[in-house]
Number of protein chains: 2
Amino acid sequence: MSHHRVPDPGRRKIGSSTPGSQGSDLAADRAPYDGTPPDGDRLEPLGRQETKASYTYTGLRGWRRWRALRPGRGMYHDVMRRLPYYWSDISDAWTYRTVASTIRMYFVNLLPAIAYTLDMYRRTGEFFGINEALFSSALAAMVFSVLGAQPLTIVGVTGLISLFNFTIYDIISIYDVSIYPQFMAWTGIWAAIFHWLVAILNGCDYMRYVTDFSSESFGMYVGIIYLIKGVEELVNEFDEYGSTAGFLACMIAMLYFASVYAVEKLGSGKIWKAGFRGMLADYSYVVQFCTVFWVGFSHIPGRLKSTHISRVPVTKAFLPTQPRSWLIDFWNLDVKWIFVAMPFGFLVMLLFYYDHNVSSITAQARQFPLKKPGGFHWDFFLLGCTTFVAGILGLPLPNGLVPQAPVHTDSLTVYKTGLRIIPTAEGEGTEIRRPVVRAEAVVEQRVTHFLMGLALIGTMTGPLLVVLHTMPAAVFAGVFFVVGWGSIESNGILQKFIYLQAEERFIQWDEPLLQVRKRKIWLYIAIQFSAVAACVAISHTLAAIGFPVLITLLIPFRILVIPRWFALHELQVLDDFTATNKIVLASLGGKPALPEHSTEEEWGLERRRSERRFGVPRQRAGSIHR
Amino acid sequence: MSHHRVPDPGRRKIGSSTPGSQGSDLAADRAPYDGTPPDGDRLEPLGRQETKASYTYTGLRGWRRWRALRPGRGMYHDVMRRLPYYWSDISDAWTYRTVASTIRMYFVNLLPAIAYTLDMYRRTGEFFGINEALFSSALAAMVFSVLGAQPLTIVGVTGLISLFNFTIYDIISIYDVSIYPQFMAWTGIWAAIFHWLVAILNGCDYMRYVTDFSSESFGMYVGIIYLIKGVEELVNEFDEYGSTAGFLACMIAMLYFASVYAVEKLGSGKIWKAGFRGMLADYSYVVQFCTVFWVGFSHIPGRLKSTHISRVPVTKAFLPTQPRSWLIDFWNLDVKWIFVAMPFGFLVMLLFYYDHNVSSITAQARQFPLKKPGGFHWDFFLLGCTTFVAGILGLPLPNGLVPQAPVHTDSLTVYKTGLRIIPTAEGEGTEIRRPVVRAEAVVEQRVTHFLMGLALIGTMTGPLLVVLHTMPAAVFAGVFFVVGWGSIESNGILQKFIYLQAEERFIQWDEPLLQVRKRKIWLYIAIQFSAVAACVAISHTLAAIGFPVLITLLIPFRILVIPRWFALHELQVLDDFTATNKIVLASLGGKPALPEHSTEEEWGLERRRSERRFGVPRQRAGSIHR
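Residues numbered from 1 in each chain as written. Chains lettered and ligands numbered in written order. Predicted model: local features only at pLDDT ≥ 70, side-chain atom pairs only at ≥ 80, totals over all residues. Heavy atoms only, no water.

(A) The overall build of chain A, seen in detail. A count of helical and extended segments in chain A gives 25 helices and four strands. A fraction of 82% describes how many contacts in chain A between residues 6 or more apart in sequence connect residues 24 or more apart. For chain A, the accessible area works out to roughly 22800 Å², and carbon and sulfur atoms hold 67% of it. (Helix = DSSP H or I, 4+ residues; strand = E, 2+ residues; numbered from the N terminus. Contact = heavy atoms within 4.5 Å. Areas by Shrake-Rupley, 256 points an atom, 1.4 Å probe, with all protein chains shown as cover.)

(B) Structural view of the UniProt feature "domain: Bicarbonate transporter-like transmembrane" (unreviewed entry) in chain A. With numbering matched to this structure, UniProt assigns "domain: Bicarbonate transporter-like transmembrane" (unreviewed entry) to residues 73-241 and 247-576 of chain A. With 77% helix and 1% strand, the stretch residues 73-241 of chain A has end C-alpha atoms that lie 56 Å from each other. (UniProt positions renumbered as here; feature names shortened; annotations may be inferred.)

(C) Focus on the environment of B:Arg446. Residue and element names in this part refer to chain B. Mapped onto the elements, Arg 446 comes out in the loop between strand E4 (431-442) and helix H15 (447-459). Taking the C-alpha atoms as reference points, Arg 446 and Arg 61, separated by 385 residues in sequence, lie 38 Å from one another. Setting aside residues up to four positions removed in sequence, Arg 446 forms contacts with Arg 82, Tyr 86, Asp 89, Phe 144, Ser 145, Val 146, Leu 147, Gly 148, Ala 149 and Pro 151. A distance of 2.9 Å separates polar atoms of two side chains, one belonging to Arg 446 and the other to Asp 89. At 3.1 Å, the side chain of Arg 446 and the backbone oxygen of Ser 145 are in polar contact. (Polar contact = N/O pair within 3.5 Å; in protein donor to acceptor, adjacent residues only side chain to side chain.)

(D) Spotlight on a nonpolar patch on the surface. All names here are of chain A. Where nonpolar side chains cluster on the molecular surface, the patch consists of Val 146, Leu 147, Phe 318, Phe 450, Leu 451, Leu 454 and Ile 457 and spans about 540 Å² of accessible area. Elements with a contribution of two residues or more to the nonpolar patch: helix H6 (130-147) and helix H16 (447-459). If one sorts the elements of the nonpolar patch by residue count, H16 sits on top with four residues. Note that Phe 318 resides in the loop between helix H12 (303-306) and helix H13 (335-363). (Patch = residues over 30% accessible without salt bridge, like charges linked within 9 Å, V, L, I, M, F, W, Y side chains within 5 Å. Salt bridge = Lys/Arg side-chain N within 4 Å of Asp/Glu carboxyl O.)

(E) Inspection of the packing of helix H5 (residues 96-123) of chain A against H6(A) at higher detail. All names here are of chain A. The interhelical angle for the contact between H5 and H6, taken along N-to-C directions, is 140°, at an axis separation of 9 Å. Between H5 and H6, the angle falls in the class oblique. The element H5 and its partner H6 pack so that their crossing is right-handed. On H6, the residues that touch Asn 109, Leu 110, Ala 113, Ile 114 and Thr 117 of H5 are Ile 130, Ala 133, Leu 134 and Ser 137. For the contact of H5 with H6, the class distribution of residues is six nonpolar, three polar and no charged. (Axes fitted to C-alpha atoms, helices over the stretch in contact; angles between N-to-C directions. Parallel < 35°, antiparallel > 145°, perpendicular 65-115°, else oblique. Left-handed = near helix turned anticlockwise from the far one by under 90°. Nonpolar A, V, L, I, M, F, W, Y, C, P; charged D, E, K, R; others polar.)

(F) Structural context of unusual backbone geometry. We note that B:Glu126 has phi near 60°; this positive angle belongs to a residue other than glycine. Relative to the elements of secondary structure, B:Glu126 occurs in the loop between helix H4 (96-123) and helix H5 (130-147).

(G) Expanded view of the confidence of the model for chain A. All names here are of chain A. Chain-level pLDDT for chain A is 80 on average; 83% of the residues reach the 70-or-more range. Taken as a whole, residues 1-52 scores under 50 in pLDDT and shows 74 contacts with residues more than four places along the chain or in a different chain. Across residues 621-626, where pLDDT falls below 50, the model places 33 contacts with residues more than four positions away in sequence or in other chains. (pLDDT = per-residue confidence, 0-100.)

(H) Representation of the state of the cysteines within the structure. This model, assessed by the stated rule, comprises zero disulfides over all chains. Distance from the sulfur of B:Cys250, which forms no disulfide, to the nearest cysteine sulfur (A:Cys250) is 12 Å. Of the residues examined, B:Cys250 reaches a relative accessible area of 10% and is grouped as buried. (Disulfide = S-S within 2.5 Å. Buried < 20%, exposed > 50% of the residue type's maximum accessible area, 1.4 Å probe, protein only.)

(I) Representation of the packing of aromatic side chains in the model. Applying the stated criterion to the full structure yields 64 aromatic pairs over all chains. The structure contains a cluster of three or more aromatic residues connected by ring pairs, namely A:Trp186, A:Trp190, A:Phe194, A:Phe330, A:Trp331, A:Phe339 and A:Phe346. A cation sits over an aromatic face here: A:Arg123 above A:Phe166, 3.9 Å from the ring centre. B:Arg67 extends its terminal NZ or CZ atom over the ring of B:Tyr206, reaching a point 5.4 Å from the ring centre. (Phe/Tyr/Trp six-rings, centres within 6.5 Å; stacked < 30°, edge-to-face > 60°. Lys NZ or Arg CZ within 6 Å of the ring centre and 35° of its normal.)

(J) Seen up close, the pattern of salt bridges. All names here are of chain A. Tallied over the entire structure, the rule returns 34 salt bridges over all chains. Salt-bridge contacts for Asp 92 lead to Lys 372; the nearest nitrogen and oxygen are separated by 3.2 Å. With a gap of 280 residues between them, Asp 92 in the loop between helix H4 (86-91) and H5 and Lys 372 in the loop between H13 and helix H14 (376-393) connect regions that are remote in the sequence. By relative accessible area, which is 0% here, Lys 372 ends up buried.

(K) View of the environment of B:Ile154. Residues and elements named next belong to chain B. For Ile 154, the position within the fold is in the loop between H5 and strand E1 (155-156). Since its relative accessible area comes to 0%, Ile 154 is described here as buried. With 244 residues separating them along the chain, Ile 154 and Pro 398 place their C-alpha atoms 10.0 Å apart. Beyond its immediate chain neighbours, meaning those up to four positions away, Ile 154 contacts Met 105, Asn 109, Asn 399, Gly 400, Leu 401, Ala 405, His 408, His 449 and Met 452.

(L) Looking closely at the nonpolar core. A:Tyr221 and B:Tyr221 are the most contacted members of the largest nonpolar core, which totals 331 residues. Setting aside anything within four residues of it in sequence, one finds A:Tyr221 in contact with A:Leu160, A:Leu163, A:Val532, A:Cys535, A:Val536, A:Ser539 and A:Phe547. (Core = buried A, V, L, I, M, F, W, Y, C linked by side-chain atoms within 4.5 Å.)

(M) Layout of the side chain of A:His356. Residues and elements named next belong to chain A. Looking at the secondary structure, you find His 356 in helix H13. Assessed through its relative accessible area of 1%, His 356 is described here as buried. When residues no more than four places from it in sequence are discounted, the contact partners of His 356 are Phe 144, Thr 153, Val 155, Leu 351, Asp 379, Phe 380, Leu 383, Asn 399 and Gly 400.

(N) Local environment of the pairing of strand E4 (residues 431-442) of chain A. Residues and elements named next belong to chain A. Among the twelve residues of E4, ten are classified as buried, and the element is accordingly described as predominantly covered. As judged from the eleven bridges shared by strand E3 (residues 413-423) and E4, these two strands associate in the antiparallel manner. Note on E4: the bridge partner recorded for Pro 423 is Glu 431. (Pairing = 2+ DSSP bridges.)

(O) Broad picture of helix H8 (residues 180-200) of chain A. Residues and elements named next belong to chain A. In a regular helix each residue adds 1.5 Å, so 21 residues correspond to 30 Å; H8 covers 30 Å between its end C-alpha atoms and thus fits that length. When you tally the buried positions in H8, you get 17 out of 21 residues, the bulk of the element. At the C-terminal side of H8, Asn 202 shows a positive phi close to 65°. (Expected span 1.5 Å × (residues − 1).)

(P) Representation of the packing of helix H20 (residues 518-538) of chain A against helix H21 (residues 547-560) of chain A within the structure. Residues and elements named next belong to chain A. It is the contact of H20 with H21, at a shortest axis distance of 9 Å, that shows an interaxial angle of 165°. The angle between the axes of H20 and H21 places the two elements in the roughly antiparallel class. The interaxial crossing formed by H20 with H21 has right-handed handedness. Together, Ile 527, Ala 531, Ala 534, Cys 535 and Ile 538 of H20 and Phe 547, Leu 550, Ile 551, Leu 554 and Phe 557 of H21 make up the contact between the two elements. For the contact of H20 with H21, the residue count by class is ten nonpolar, no polar and no charged.

(Q) The arrangement of the side chain of A:Arg70 in detail. With respect to the helices and strands, A:Arg70 occurs in the loop between helix H2 (48-52) and helix H3 (73-82). Not counting the four nearest positions on each side in its chain, A:Arg70 is found in contact with A:Tyr57, A:Leu60, A:Trp63, A:Arg64, A:Ile200 and A:Asn202.

Written out as structure tokens, the structure is:
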């Protein structure tokens, strides 16, 4: 396989956006993305050759191979690559999937955002409240659904930005807490500037070097932080409302977690028809079932109702939580502080660089049969814009949602549960009848993201804020547990750890991990776990804002140090490139040209084997991988 | 296969109790029981022909075939059959299994007994307390371990006798609550008399007609009642100690259940070595882990400790809970009331007839490779004796513990986890590596039962009562959930219901249930469930004491009515005789001679297939079957 693609007019296939190819017959008539825009002839004037050519630096010579010397090249290619699909992004949306996805994503986006905000609200002197979080989510949703190169990547308020915001609050309050709004605005402005620089100088290309080594560590870190946040939420309940409310809150959080988990298990089992199971998967976490039930539960008259537990604090519709205008008077900040804000802005950019791009990559993972290309440079530029606006309006900065982005793609995927019959040697007529889930097609469009944004704006109105206020904080502790545990349960670190505990004779003969000595696997997950532990540890100090540095350092560490300790064939089993989908690599400048990198099929043996056997797993609410 | 066995001196095999066949080499040198006493020659004077002959009425003519006309015949054979093994019952006990089993059974017996007693204590005007329950359990353990024909059958205080006692209390308190002790004593005396009559007139023989149809219904009923009891325990916490204690109690009960369940799942998984997994199974519910942990948890200083939740109420060591002497003055009861007590005594006998014998049958289920015979008639006679003593001492009447008796046998079974490799047609070198659990041998002895009884007596002393008092009632609500759910989860009714939900194409080709039309399966479990629902319903009224009638009516219903609605081949899949082990049938007069009954192998196809494939499941704490 060659690492770059040369223009080849003869290889063009007819794309998907021809009229009539809508809805259920999505699967058949679309060829995978191969650099050819749909209806290529019409688009010729827009630079067909340029777009068709995979954006790459491989094989270039002289100054042309220096990314920094070719500003805007990545962004230009991103736009050219995606623009031809813009109309189909709207016309393809007329399916039931869009409805299910919009409803699911509204909850999957909103509930964690509120959960993080409860935490942030308390710990930033009530500066960032529900209205700010809703505004920020809605802003991001509108911008990225309309202008994003990859509208599948859901953008919103994450737990890490909440961690960032209150750590900066802690730092600022050592000096002068009154400048916090302006300081945050400048942090946002600086972050925006760094975003734009990175996007223009084609910096996103380096994301293709990200492997599961670091993204598993990141996922584990996020999961642990969320579990801790859930516990903190419950502790707060005890502190603020006393023991009775505290124990009730613990009970609700545990039952919420258990019920969401149980419904998700049912949705991935073998009982009931595949269609009904799919509905459970669509609406489980979605909480049409669980959230509504447990919110209602907390209002049952009697002991439950009379135990006053904390509920979501809301203020007036469309107004900031604090008595201020939306625009922060960022010009009223001492010049000294403006420059102090610069490194903070850089750290925010570093966090978003990793977090947003990884969420975008996972939203376009290889398991999803995507046909339309994405664009990392352009989206990162856009993220700079939303960062700027959110910064000067005093909103929590939105970025790509790591656990939720792949859920969006999942919610748009048409799955088909096939049946694989494998005769066995156990006896006359015995066989394994195994369900194999195949992802048939993805309804790639920008309407769901847009509708979700509209729904978020609707949530900012008075009546719906009242509804939000009925929700007990305990449910959000449960949300933390769901999202956090989802990120940990399916994590490669834990999976390898469980493998190491297994009794050897029961391990399947063709298990790829058997090719690696056990102590090597131990070493591998021990390094990952040390990184996680270090991140978790500093997250509870003022140095918390430094954790993006630690995470991004794992990328060069993996490229430069790890190969000295592990043989190539070991890494091929243990690790995998996070960005493996062709449409992703097209925007990132092609496959990474590592010395040890040969063909794609030789990596991620573990996952490939599982997918070959059992098909594609559905994306759980909280899990990053698999 | 013939339905009866004629004496055949030539078929004798050398038994197991020859000196030297102790401990680990149990499995190899012992032939299954076939009616031959060990070391047959020495025992000849004791009636070798009689003993060797399977006790049966089949083939007899004239007055000899009437059971009632041959009083004591069953008991005589029981004693003759078991007596030769008495010495080996002690000498075989010198293995580690005995230690593990004693500790496990102590907890498995004690914790539910206390749980039921908490309930009974409140609802019988504090007449039956912890001391009575301990005394009753210890009495039963000493009597049955020393004198029982089948010392594997654990006898103690059940939840159903608690239901009985407080329902009678409710009835009596309508008239004159002061006669409750004497009335209960007379109920016990009458019950004892009926026990003796049934035992002497060989009534236990009819237990061989019991099929899973009724015993599954019984198991489901018991499970539901226990779950309800658990909830009632928590409700009581709210009523007596307020909301804070209530919510904390809910939390502890839920976490207790979750942790016991999780440890049990780990114990039956594939990780860690088989030996360590076995240890988890030995000590999980046993609660060395979980109970101790959650009891400790409730004492953590701070909010947990300061929330006063209810704990086990204890009184002075060795004294009755009420200020009375142990012996009830049963002679001070109006003659009128003595005769009123008679039907109550009969109902107790009916309950014990079903409950005790089924628990004995499950303790000797076919899955356990037992070598020593049991004796139903003799044990039922003994049960009459303990009923009499417990009655006049004002103790809750002990009988066979349905969920716990098979746990005892399980804890004494030497399991070996084998590996079955089944090549599959999936590709080069692919295969299934499946753990298959085989029960190699059972350490059949009476020492564990005896030691457990001693431990129970020890628990009646002052210092250990203080330890008991540290245990929160919430943990016992958790015990109810564990035992109750264990009885429901593995129940055939639920399993068939889940089968009916399954998507058809994933059902294995050789699944026996496929031979039965779905609506027939629906009908079958609907009948079972109606019986369960009826029992549960009357359990909450004064008619609760009538439920043994309902349960025992299921036996003739199954024999007389069910065959009209179901074809023979359908029943062979859906149903199975509960007593299938040869050593059991030897005491019950041989296989039941139903018109549709042909050979043993044609029944219980469902279970046979599962055991052939996956081996024998370990007995969970609460489950009756599988």
